[in-house]
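# Geometric and topological summary
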Amino acid sequence: MAKKKLNPLDFEALLADINADFPTIQALDKDGKVVNEEYMPDLSDDEMVELMTRMVWARVLDQRSTALNRQGRLGFYAPTAGQEASQLASQFAMEKEDVLLPGYRDVPQLIQHGLPLKDAFLWSRGHAAGSAYADDLQAIPPQIIIGAQYVQAAGVALGLKKRNKPNVAFTYTGDGGSSQGDFYEGINFAGAYKANAVFFIQNNGYAISTPREVQTAAKTLAQKGVAAGIPSVQVDGMDPLAVYKVTKAARDWAVAGNGPVLIETLTFRYGPHTLSGDDPTRYRSKETEGEWVEKDPLTRFRKYLTAKGLWSEAKEEEIIEATKEEIKTAIKEADAAPKQKVSEFLGNMFEVKPQSIQEQIDIFKAKESK
Amino acid sequence: MAQKTMIQAITDALALELEANPDVLIFGEDVGNNGGVFRATEGLQEKFGKDRVFDTPLAESGIGGLAFGLALENFRPVAEIQFFGFVFEVMDEIVAQMARTRFRMSGTRTMPITIRAPFGGGVHTPELHADNLEGLIAQSPGIRVVIPSNPYDAKGLLISAIRDNDPVVFLEHMKLYRSFREEVPEEAYTVPLDKAAITREGTDVSVITYGAMVREAIKAAEALEKDGISVEIIDLRTVAPLDIETIIATVEKTGRVVVVQEAQKQAGVAAQVVSEISERAVLSLEAPIGRVSAPDTIYPFGQAEGSWLPNASDIEAKVREIYEF
C-alpha cells in the first residue's frame, strides 16, 4: 500500500513517520522459540553449534578475565557478558580477509578474528607485544577514542573497494559512540563513496553511566543512518540468529558494491563499564538488570539448540573446561613475555630515525644494559 | 629549467608522484574538479581520474580517518586540509591515530600519509585560516612537520614526504605560493626530510628560521651586510623533528644566534631550537639567544596583520642587538 502523503508542516506526523520505520528484527524469542522464520539464517547444524561454542567461550573468558583482573593478573578490562550475541554472532559473519576495527570492548571478536589470546592478555596488561599484529591479521588494536574507528573504517572500506577486494570493514562502537562527530562523519563518508563497510552500534543502554535516552532524542540509533543515506537496521542484540542473519545480509550487500550498512544491536552488559572503578549500581536498578538477564543470549540459544538435539549440558561443560585450560595456558605465555624496552619503543617511532630519536635510543640502550 | 612559483612546484610534485605510483591518492575538500582553493591540484583529476584525485565530504576528521584507513590498505594518501586553522577538527586522527600507529603496533603497520595544508599570515584571510599551528603538531611524537620556504624545496620535500612511510604534515605558507619564482627542474627529485638548509653562509650571527620568515631573514641579512655584519641563515625545513646537527654547527661557527618564527612566542618550534642550543652549545655562545616571533595574542584580524607579523626589520634589529651584545 502506498504511504500516505505527509503534510511537511505537520512535525508530529513527520516524527511519527520516521520513528515507525525501524522495527526490531528478531528470530528467536527469549525461550529459544523461532518467532520469525524469515529472519532465520542459513546456517548448518554444525555452524550453529560452532556459534554457540564461541558464545560460551566468550562468557567463560569474561568470567575468568574478571577474576584475573581482581587478582591483579590482568590490566584494563571491559566486561562483555550479555553482549555475546551482538559480538560473536556478528563476527561469525566475517571472513578472515575482512578488516576488523574494534572498540575497547570488542576483544572477543578480535580473538576470533585471529588475535592470539596471549596477545589479548598482553594488551590488557599494557604490554606492547599485545598490539604487534601479524601481517595476516586484518585488524587494528581496540580503539580507545570513542568513534575514531568509524572514520577509519570508512577509509579501509574505500580502500577495499578501490582494490576490488570482496571484503568488508567491520567496525563497532556503542550507543555513546553514536553521539560522536566521528560516528556521523564515518557513516557519511562510507555512504558517499558506497564503500564496503558494516557499522555496528552495540546499544547496551549506557555510555558508562549516561543512559541512551540522555544521548539522543532519536527513537532508535539505527535511524541515524538515514541521514547518511544508508540502509540501517535495528536488531535484537540478544538473539544470535537474528544478529547473524542481519550481519550476513549487510556484508553481502556491501561486498556487492552497494555501500555500507548500519546495524544497531539492542544488548546489555551485565558487568560494569570497565573494571577500573565503575559501579553500575549507581545508575542501573536490579529490576533493569533482571529484565535483561531474562533475554540472555546464551540461555535462548541453548534452549533452541537443545530442543533440536544439538546441545547438552555435558557438551557445554566440556567447552567451559577447555576454555579455562586455554586461558590458563595463555596467561602462562603472557607471563613469559619479555620485559619491554624503551629503546625498542623509540625504534618504532619512525622508519628513518632522526638525530633526537637516535640519541635517545643510545641513552636507553645504555640504561637497559645495566 | 623553468621558473616556477611554489604552487606550481607543488602541483608538479603531486603530478609526478601520481604518475610514478598507482597507490598515491589525492583527496580533500574541493581538490578535484576545482583544483583546490589555491589550485594546487589543478588539472590532476582530469589527468589521473576521479579514482585517484577526489573530493571529500566537508569534514576534516573524516578526511583524516579516510587517510588512516587507506594507509592500512597500503595506499599512500595525500590528504589536503583546506586551511590549517581547521586542523583542530582532525587533531585526533593526526596526532593520536596516524602518528601513533607505528609505535602502537610495534612497527608492524606503517602510515605513509602526507597531510598538506596552506597556512601562514600576511594575505588577509578570515579568522582561523592563517594561524601558525605547527607547534601543536611539532609537540606530538611520531609525525614530521615540514615547511618549505621556496619552490625548489617545496617540490623536493613534498616528493620525499609522499615517499616516506611515516606521516608528514606538510605546511605551505600562503604568502609564498605565488610571491616569487625560481628555477625548478621538470623531473622528480627529492630534498631530504629532517635536514635543514644553510640558505646563506655567514660568520657573525646565525638566524635560524623556517617558512616565510626565511624570506624576511634574507632581506634582513642583505641590509646588515651593508654594515659589515655577516649573517648565516639556517632554514629548518623540517621543524619537527629538528636537524640538531646543523643547528649546533652554525652556533659553534658564529657564537651568536637569533631564532625567528612567525608563530606566537609561547612554546613552539623556536622554543625547542633555543632549548637544544642551551643544552648542547651554551659554551659556544657569545651572547644571549635572540628570539623574534609574533606576540602572544590570538592571530589578529586581517587589517592588523601588518603590525602583528614579525618582519625583516624586526629581525635586523634583533641581529644588531645580539651582534653588539
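Residues numbered from 1 in each chain as written. Chains lettered and ligands numbered in written order. Predicted model: local features only at pLDDT ≥ 70, side-chain atom pairs only at ≥ 80, totals over all residues. Heavy atoms only, no water.

Moving on, we get to empty space enclosed by the protein. Scanning the entire structure with this criterion turns up 2 cavities of 30 Å³ or more. By volume, the largest cavity amounts to about 160 Å³. Forming the boundary of the largest cavity are 16 residues, of which A:Ser65, A:Tyr77, A:Val107, A:Ala120 and A:Trp123 lie nearest the centre. Of all the secondary-structure elements, those providing two or more residues to the lining of the largest cavity are α2 (45–70), α4 (107–113) and α5 (117–125) of chain A. If one sorts the elements of the lining of the largest cavity by residue count, α5(A) sits on top with 4 residues. The residue inventory of the lining of the largest cavity, partitioned by class, reads 12 nonpolar, 3 polar and 1 charged. As for the second largest cavity, its lining consists of B:Phe119, B:Asn132, B:Glu134, B:His173, B:Tyr210, B:Gly211, B:Ala212, B:Met213 and B:Glu262. Class assignment of the residues belonging to the lining of the second largest cavity gives a composition of 4 nonpolar, 3 polar and 2 charged. (1 Å grid on protein atoms, 1.4 Å probe; cavity = no way out; pocket = protein on both sides within 12 Å on 5 of 7 lines; lining within 4 Å. Points joined across faces, edges and corners; volume = space filled by probe spheres on them. Helix = DSSP H or I, 4+ residues; strand = E, 2+ residues; numbered from the N terminus. Nonpolar A, V, L, I, M, F, W, Y, C, P; charged D, E, K, R; others polar.)

Because an α-helix completes one turn every 3.6 residues, residues spaced three or four positions apart along the sequence face the same direction. Counting buried positions over the 14 residues of helix α4 (residues 91–104) of chain B gives 10, a clear majority of the element. Among the residues of α4(B), B:Met91, B:Glu93, B:Ile94, B:Ala96, B:Gln97, B:Met98, B:Ala99, B:Thr101, B:Arg102 and B:Arg104 are the ones counted as buried. Looking at the buried residues of α4(B), the elements they touch are α6 (148–162) of chain A together with α3 (60–72), β5 (114–119), α5 (134–138) and β7 (168–173) of chain B. With its phi angle positive at about 50°, B:Ser106 sits one or two positions after the end of α4(B). (Buried < 20%, exposed > 50% of the residue type's maximum accessible area, 1.4 Å probe, protein only. Contact = heavy atoms within 4.5 Å.)

Empty space among the atoms becomes apparent when a probe as large as a water molecule is rolled across them. Residues and elements named next belong to chain B. Here the largest pocket defines a volume of roughly 1000 Å³. In terms of lining, the largest pocket is formed by 43 residues, of which the most central are Gly135, Ala138, Gln139, Gly268 and Gln272. In terms of residues, the lining of the largest pocket owes the most to one element, helix α9 (residues 268–281), which gives 7 residues. In terms of residue class, the lining of the largest pocket is built from 23 nonpolar, 13 polar and 7 charged.

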